[in-house]
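Below, each chain spelled out in residue letters.
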Amino acid sequence: YRLLNCGLRLAAGSGSATGVKQAPVGYNRAYVRTAPGVSLDEFYKAWKAGRNFVTNGPMLMLRTESGGGPGDTIQLPKEGGTIKLHVEAQFDQPLASLEIVVNGEVAKAMKFKDAKGISSTIELPIAEGSWITARCTAEDRLLSDDELEAYKDPSANNSFRVAPSRLRFAHTSPIYVT
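Remember, it's a predicted structure, so these values are computed and weren't measured experimentally.

Analysis parameters
- Residues numbered from 1 in each chain as written.
- Predicted model: local features only at pLDDT ≥ 70, side-chain atom pairs only at ≥ 80, totals over all residues.
- Heavy atoms only, no water.
- Helix = DSSP H or I, 4+ residues; strand = E, 2+ residues; numbered from the N terminus.
- Buried < 20%, exposed > 50% of the residue type's maximum accessible area, 1.4 Å probe, protein only.
- Contact = heavy atoms within 4.5 Å.
- Polar contact = N/O pair within 3.5 Å; in protein donor to acceptor, adjacent residues only side chain to side chain.
- Phe/Tyr/Trp six-rings, centres within 6.5 Å; stacked < 30°, edge-to-face > 60°.
- Lys NZ or Arg CZ within 6 Å of the ring centre and 35° of its normal.
- Core = buried A, V, L, I, M, F, W, Y, C linked by side-chain atoms within 4.5 Å.
- Salt bridge = Lys/Arg side-chain N within 4 Å of Asp/Glu carboxyl O.
- Pairing = 2+ DSSP bridges.

A. Structural detail: the environment of Thr137. As for its placement among the helices and strands, Thr137 is situated in strand S7 (residues 130–139). Using a relative accessible area of 24% as the deciding quantity, one classes Thr137 as partly exposed. Distance from Thr137 to Ala96, taken between C-alpha atoms, is 5.4 Å for residues 41 residues apart in sequence. Dropping the residues within four chain positions of it, Thr137 is found in contact with Leu95, Ala96, Ser97, Leu167, Arg168 and Phe169. Here the side chain of Thr137 touches Ser97 through a polar contact of 2.7 Å, side chain to side chain.

B. The arrangement of the packing of aromatic side chains in detail. Across all of its chains, the model carries four aromatic pairs by this definition. Between Phe43 and Trp47, the ring centres sit 6.1 Å apart and the planes meet at 80°, which makes this aromatic pair edge-to-face. With Phe43 and Trp47 both in helix H2 (residues 40–48) and four residues apart, this pair spans about one turn of that helix. A residue is classified by how much of its surface remains accessible, and Phe43, at 25% relative accessible area, is partly exposed. Among the residues examined, Trp47 registers a relative accessible area of 25% and is labelled partly exposed. One residue, Arg9, lies across the ring of Tyr176, its end atom 4.1 Å from the ring centre.

C. Structural view of the environment of Lys108. Along the chain, Lys108 falls in strand S6 (residues 105–126). Looking at Lys108, the relative accessible area reads 35%, which means it is partly exposed. With 26 residues separating them along the chain, Lys108 and Ala134 place their C-alpha atoms 9.5 Å apart.

D. Looking closely at unusual backbone geometry. Despite not being glycine, Asn103 has its phi angle at roughly 50°, a positive value. Looking at the secondary structure, you find Asn103 in the loop between strand S5 (81–102) and S6. Classification of Asn103 as partly exposed rests on a relative accessible area of 21%. Notably, Asp114 is not glycine yet its phi reads approximately 70°, a positive angle.

E. Broad picture of the nonpolar core. Counting residues in each nonpolar core, the largest one holds 26 residues, and the members touching the most others are Leu60, Leu85, Val87, Leu98, Ile100, Leu124 and Ile132. Where this core is concerned, the elements lending two or more residues are strand S3 (59–64), S5, S6, S7 and strand S9 (175–177).

F. Main features of the pattern of salt bridges. What the rule picks out here adds up to seven salt bridges. With a shortest N-O distance of 3.5 Å, Asp72 and Arg51 are connected by a salt bridge. Here Asp72 is found in the loop between S3 and strand S4 (73–74), whereas its partner Arg51 is found in the loop between H2 and strand S2 (52–55), with 21 residues between them in sequence. The residue Glu99 makes a salt bridge to Arg135 at a minimum N-O spacing of 2.5 Å. Linking Glu99 in strand S5 with Arg135 in strand S7, this pair joins segments that are 36 residues apart in sequence. Glu99 sits in the buried class, given a relative accessible area of 14%.

G. Spatial organisation of the pairing of strand S8 (residues 167–172). Bridge analysis of S2 against S8 gives three bridges, and the strand direction is antiparallel. The partner of Phe53 across the bridge, within S8, is Thr172. Bridge count for S7 against S8 is five bridges, and the pairing is antiparallel. Of the residues in S8, the one forming a bridge with Cys136 is Ala170.

This is the structure:
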């Protein structure tokens with residue numbers, strides 16, 4: 001967020017951090033918005049432009065009323081204006097929260113209990129150049145507590161032991177406002 005607040009335009013990325021985190025290879029993913037049938041170069045350009053979201057579970061979509069999405073730039077008059085956003089999250093497990101973040105601060109927060117899908121339209125007043133993202137969390141209940149316990153690393157140093165987590169999350173790349 002600090003780099004985005006410095007004016008750098010960054011795309012969200014994901015990886016397994018195999019050897020550091022206990023996420024299996026391929027568990028964390030990036031979904032990139034492209035036209036059908038694009039070349040690999042066009043796919044990479046779309047990712048670099050930030051037309052994506054990253055997730056280890058929930059699917060997360062963010063778009064403006066005019067159809068702009070992550071990686072796009074919305075131009076407002078010098079005095080600012082209001083942007084209407086549509087955000088949608090879906091997961092096969094219970095969603096816990098959905099947030100809209102503007103310039104690193106939560107502008108809208110929604111909490112859930114046992115919802116597996118949410119769709120909302122939000123109006124945001126914007127008075128200056130900004131970046132806007134969406135993020136959500138969910139709780140994975142596919143494994144019982146006993147089954148999850150089997151994934152603890154018994155050889156890890158207790159002070160640095162990383163316990164398996166039920167946390168699942170998704171985060172979009174920013175929509176930029178000038």
